[in-house]
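Geometric and topological summary
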Amino acid sequence: MKMVTAIIKHFRFDDVRKALTDIGIVGMTAIEVKGFGRQKGHMEVYRGVEYEVRFLPKVKIEVAIPDEQLDKVLDVILKSAKTGDIGDGKIFIYDLQDVIRIRTGERGEEAI
Amino acid sequence: MRKNYKLSITNFKFLISAIGLLMIASPAFAAEATKPDTGDTAWILVSAALVMLMTPGLALFYGGMVRRKNVLGTIMHSFMAIPIISLQWILIGYTLSFGPDISGFIGSLEWFGLNGVGLTPSHYAPTIPHLAFMIYQGMFAVITPALISGAFAERMKFSSYVIFILLWTTFIYDPVAHWIWGGGWLAKLGVIDFAGGLVVHVTSGISALAAAMIIGHRKGYLQDSMPPHNLPMTVTGTAILWFGWFGFNAGSALSSGELSTMAFVTTHIGAAAGTVTWIIVEWKHRGKPTMFGAATGSIAGLATITPAAGFVGPMSALVIGIAAGSICYIALNSKTKLGYDDSLDAFGVHGVGGIIGTIGAGLFASAAINGINGLYFGNPQQLINQLIGIGAVAVYSFVLCAIILKVVDALVGLRVDEHTEVQGLDIVLHGEEGYFI
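The structure contained in this document is the topic of the report that follows. (Residues numbered from 1 in each chain as written. Chains lettered and ligands numbered in written order. Predicted model: local features only at pLDDT ≥ 70, side-chain atom pairs only at ≥ 80, totals over all residues. Heavy atoms only, no water.)

Think of it this way: side chains of opposite charge can pair up when their charged atoms draw near. A full pass over the atoms with the stated rule returns 18 salt bridges over all chains. The salt bridge partner of A:E106 is A:R101, with a shortest N-O separation of 3.0 Å. For A:E106, a relative accessible area of 28% puts it in the partly exposed group. Given the relative accessible area of 26%, A:R101 is considered partly exposed. With a shortest N-O distance of 3.0 Å, B:E421 and B:R415 are connected by a salt bridge. For B:E421, a relative accessible area of 5% gives the class buried. The class of B:R415 is partly exposed, set by a relative accessible area of 29%. In this structure, a network of salt bridges that share partners links the residues B:R67, B:E154, B:R218 and B:D341. (Salt bridge = Lys/Arg side-chain N within 4 Å of Asp/Glu carboxyl O. Buried < 20%, exposed > 50% of the residue type's maximum accessible area, 1.4 Å probe, protein only.)

Rendered as structure tokens:
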């Protein structure tokens, strides 16, 4: 099993969610986060005082999937999250040791 | 005079019991032959309520600009000025400001504890009860020290703040109000200040500069990012201030009619011109028009038109508002270069605005409006009077405020410790938080 974590732009979020559910992904977790990458932050000016805003707002989504779905999932995230401009985000892929459904105690792919 | 003073001490003792209050009330408060004008009285009481609302408005204006960990402490600075200075005012502030003159410098203690201040009109406002004039003026005394709190936001101890505003009001606001509005030496010299350009904005703005220099900058100033945490709150405060300012300026006519109408209109024009000018200058200079800029420009316009409101006509108000928006913009954009941390720009908006407006009154005052001509209408002496007024009030405010701050610092310390500043004033000083997730 794999855990796919994607950091994406806010306004791509709905498209990514729809693209993932369309290929049969049944659950995901999303959280609003702040961070920076090579894009760095930007300047904001309040009453003539300049502040460098180092952390930009993004959305982080996490999806747990069976190994055979990985390529398809990566493909739809890449297509739906991409704008081609800087700051489109990143995808991190981890091996997922186990999953447990709390209600029933089921484990592994059954529990996803 | 001595006899009256003794009487007032007796009165003060009676204040402790409600029965005593009623007893002493009877001679001074009885209605006499001179009946107040009901229209004038109604407008001044409404104006007093409008000016009262400005201080909570200021609390929101400032509260939105600080970091979220200091929102309640900042709001509390303004809010607590209402009760504290109101009590100072009825006990000694009013008599020091407006009591019978001593050498043009201060009012005597004859009206201590509102002794003799009753429902019969005074010479200050012959058509309204003396008490109506007193409470209206009290609202000005309340908001003025609260304005200074922007200079030392996010780092001053609450206990020191309370001592500071009591000393500041007694030793700076009350004398300066007497000099200009209480028949003191600047009034005799011919200095004009319709609603508080000198008495409110120059005193507080210059004191704010002194305070910012003495207390020092916030930890991390110009290194850490400390943008306003809630600009919609600041804009709400701005709207309340603009609304209340009609009571501040139009109420300063002390009557309801031609003069209050003119002051109402010039006030609105000053605010509108200040806002539009700020946005144009900012848009050109920084590339984007900001809501925070619009809010700041409107307050700059309002502060600047204040001394001139009942002396100038609508087109002069337009010029004064444009000057406010552009010059205050430059002042705020120069702040970081000058190195002091006037955190919420009490000096840049009120000090600079008060000075421009006081000069504006000297330039554009028109006898057709309120009996006095400025330079533009052929009376250069008025401009000289105004400059003397600015110099005297600015120097007095700066020096006295610096002394008061040094005294408070020596007695109890002005500044919170580093731990408190990092943790936030709300949790450490007040044991509460503005927001929970």
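Next up on the list: the nonpolar core. By size, the foremost hydrophobic cluster in this structure holds 118 residues, and its most contacted members are B:Y94, B:F164, B:Y173, B:I180 and B:F248. The element that contributes the greatest number of residues to this core is helix α5 (residues 130–148) of chain B, accounting for 13 residues. Residue contacts for B:Y94: discarding those within four places in its chain leaves B:W89, B:G99, B:W111, B:L114, B:V117, B:Y124, B:H130, B:F133 and B:M134. Residues A:V59, A:L70, A:I77 and A:A81 belong to the second largest nonpolar core, which totals 17 residues. (Core = buried A, V, L, I, M, F, W, Y, C linked by side-chain atoms within 4.5 Å. Helix = DSSP H or I, 4+ residues; strand = E, 2+ residues; numbered from the N terminus. Contact = heavy atoms within 4.5 Å.)

Here the focus is the interface of chain B and chain A. How large an interface is tends to be reported as the accessible area lost when its parts come together. Contacts between the two partners involve 20 residues from chain B and, on the opposite side, nine residues from chain A. If you sort the residues of chain B by the area they bury against chain A, B:S225, B:R286 and B:F292 come out on top, with a joint share of 34%. Of the charged contacts in the structure, one is a salt bridge between A:E50 and B:R286, with a shortest N-O distance of 2.8 Å. Where chain B touches chain A, the interface holds six residue pairs in polar contact (both at pLDDT 80 or more). Counting only elements with at least two residues in the side of chain B that touches chain A, the list comes to α11 (291–305) and α12 (314–338) of chain B. Examining the composition of the side of chain B that touches chain A, we find that four residues originate from one element, α12(B), more than from any other. Across the side of chain B that touches chain A, the residue classes tally to eleven nonpolar, five polar and four charged. (Buried area = accessible area lost by both parts, 1.4 Å probe. Polar contact = N/O pair within 3.5 Å; in protein donor to acceptor, adjacent residues only side chain to side chain. Nonpolar A, V, L, I, M, F, W, Y, C, P; charged D, E, K, R; others polar.)

The subject of this paragraph is the environment of B:M139. By the element assignment, B:M139 lies in helix α5. Once the C-alpha coordinates of B:M139 and B:M54 are considered, the two residues, 85 residues apart in sequence, prove to be 9.0 Å apart.

The next point concerns the pairing of strand β3 (residues 42–46) of chain A. Put simply, side chains in a regular strand alternate between the two faces of the sheet. Two strands pair when backbone bridges link them, and β3(A) and strand β4 (residues 49–53) of chain A are joined in this way by five bridges, in the antiparallel orientation. Counted as the bridge partner of A:H42 is A:V53 from β4(A). (Pairing = 2+ DSSP bridges.)

Quick look at the environment of B:G274 now. All names here are of chain B. Tracing the sequence through the fold places G274 in helix α10 (residues 258–286). Along the backbone, G274 and W168 are 106 residues apart, and their C-alpha atoms lie at a distance of 29 Å. Apart from the residues within four sequence positions on either side, G274 is in contact with G297, G301, G321 and G325.

By themselves, these figures tell us nothing about what the structure is for.
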